[in-house]
Amino acid sequence: DGYLQEWLLADKQRIAERGTHLYRPPLLEELLYIDEQVLTPLLGLIRTEYRNGAWTSEGLLALRALASAASAVSYRISRYQHRLSGQEYLLLAENETSGQPRRYWGVYVFRLGGGSGYVTQIPHPLSEFNTLEYGVWLFEQLQAEALLLAGAHPEANPHGGADVLNPDHFPSLFSLVNQVVMREAGDRPLLAVGVRAYGVRPGEPMPSADVLLSWHNGASRREALDPLGQRLVERLEADGLTLTFLSGAPDEVGFQASGVPQVHYLNASINKSLCLLWLSPAMRAGYRQQSENRIQQTQFATLNIPTLQTNFDYHVAKLPLSDALPPPDWQATLQAYLRQRDIVALRQLQEWPEYRYQRLVDQDTQMAFLLTFDARGRLLVVANLAPRQPEEWVVADQPPTGKQLAHFKSRQAGGLRFAPP
C-alpha cells in the first residue's frame, strides 16, 4: 500500500533518457504473447473475479499464474492499494531485479472495482515537462480505468524508434495496451485522453488557453461531444482551466489527434474516441513535483521553516483550526511571495512573531503548501506554494470535508481558510 502518485512520480529513472539507446523495440511475437497470455486474461479477471472490493480465491490463483506469465518478458504484476481511500489497482511494470536487460516498454495501471470510461495516456513523460505529473493527477481526477505511461524518451533511440507516437514505428506495448483495453471493453464507451505539451513556436503567436483540445474526429465545439467528452470538458473547467477547441486551422498543424498511432484502432472499435490535451507551459508549471523544487527547499531551510512530508488531507483534518484571518499587510506579503517566489517576501512573513510556519509536501499529489499557525497552535491559513490562481481563496468548514480539500487542490487556488464552526 501507499500513494499511487508518489510511487509513479518517485523514480523517473524507470524511463530511458534521450540518446541512451536503451529502449528495445518489442518483437511482434512478444506483443502477441503479452496480448494472449497476460493482458487479455488480466482484464478478464478484473471484470469477473474482483467483486465488492476483493478478489475471489479463484481470481487470486489466476492472478499468480498471470504474474508468472508476465515474468517471461521480465514484467511483474503487483497489487497496490491507496493507503487512505482503500482504492486498489493492478500495476504492470518491468521487473527491474529480474537480471535481464531492461526493455523500457512502460508502466501500466489498471483501476479495480470499475472506472468512469476514461483511459489516461502519457506518451512523452520526460521530453514534455510535467505531463507526467498532470497525467497522473488527471488519472485520479477522472477515476480513469487505466493509465498508460511510456517507458522511454521519444529520442532514446535513433530515428524515433522509441517514440510511441511515431507512425513509422507502430508496434509498442503502449499501443498494444491501448488496443486491448478498448477491445475488451466491447461496445461500452471509452475515451482515451492523451496528455501532451505545447510550447513557443518561432514566428507564431502563443496560444492563450491553458489547454488545447484536439479530438480524433475533428470536433471543434462542445455540442459535438459525446457524454464522456462533455464530462471531460466539465472536469477541466471545474479546475479553473481555460480551453480552446482546435478546428484544423493552418497554424494548428502538428496538434491533430488523427495522426497518432493509437487512433488507428478506433476504426475497428465501437463507441471509442480519443482526445489530446495540449497543455500550456504556465499550466504545466503548476503541476511540477514540489518535492523536487530545490530552490523552494533551500529558501525554507535557510529561514528555518520546517518541512513535513505527509498526506495533506489527513494532516489538515486533525489540526485545531481558527476562522481568523491575518491582517491585510500579511496577506499582501503572502501574495507577493506566491507571485514572485522571492525569499525576501518569505522572510518578511516572519516579521509577524505571533505566527508559526510549516511547509508541507503532500505525498499524494507532490504539491507543496505553506501552513500558518497562530500563537495557540491553531491553523489559520494554507497557501499553495505553486498556485495557478494565486488570488483565489477557498473557504472550508471546520473540520474541512474531503471534497472541500480536493476542490482547493484541484483549483490550485492561492489560499485556504476556514469558516466559523
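Before reading on, note that the structure itself is shown above.
My aim in this report is to walk through the structure given alongside it, one point at a time. Keep in mind that what you see is a predicted model, and the values were worked out from it rather than measured.

Calculation criteria
Residues numbered from 1 in each chain as written. Predicted model: local features only at pLDDT ≥ 70, side-chain atom pairs only at ≥ 80, totals over all residues. Heavy atoms only, no water. Salt bridge = Lys/Arg side-chain N within 4 Å of Asp/Glu carboxyl O. Helix = DSSP H or I, 4+ residues; strand = E, 2+ residues; numbered from the N terminus. Buried < 20%, exposed > 50% of the residue type's maximum accessible area, 1.4 Å probe, protein only. Pairing = 2+ DSSP bridges. Axes fitted to C-alpha atoms, helices over the stretch in contact; angles between N-to-C directions. Contact = heavy atoms within 4.5 Å.

Quick notes on the pattern of salt bridges
Applying the stated criterion to the full structure yields 20 salt bridges. It is possible to trace a salt-bridge network through shared partners that takes in Asp-35, Arg-47, Arg-183 and Glu-184.

Observations regarding unusual backbone geometry
Following Gln-398, the chain continues to Pro-399 via a peptide bond in cis, the omega torsion being -5 degrees. Structurally, Pro-399 is set in the loop between β16 (389-396) and α12 (402-411). The backbone of Ser-74 shows a phi angle near 60 degrees, a positive value even though the residue is not glycine. Along the chain, the position of Ser-74 falls in the loop between α3 (57-71) and β3 (75-81). One non-glycine residue, Arg-341, lies in the positive phi region at around 55 degrees. For Arg-341, the position within the fold is in the loop between α10 (328-340) and α11 (343-349). The exposure class of Arg-341 is partly exposed, given its relative accessible area of 37%.

Some words on the sheet that holds strand β5 (residues 107-111)
Taken in spatial order, the nine strands make up an open sheet running β3-β4-β5-β7-β6-β8-β11-β9-β10, and their pairing is mixed. The sheet is open, and its two borders are formed by β3 and β10 (243-245), each paired with just one other strand. Taking each pair of neighbouring strands and ignoring which way they run, the sheet shows an average axis angle of 20 degrees. Note: β3 against strand β4 (residues 88-94), seven bridges, orientation antiparallel. Bridged to Gln-81 within β4 is Glu-88. Set on the sheet, α3 makes contact with β3 and β4; between it and β3 the angle comes to about 140 degrees. Its contacts with the sheet put helix α4 (residues 131-141) on β4, β5, β6 (118-122), β7 (146-149), β8 (190-197) and β11 (272-279), and the angle it makes with β8 is roughly 155 degrees.

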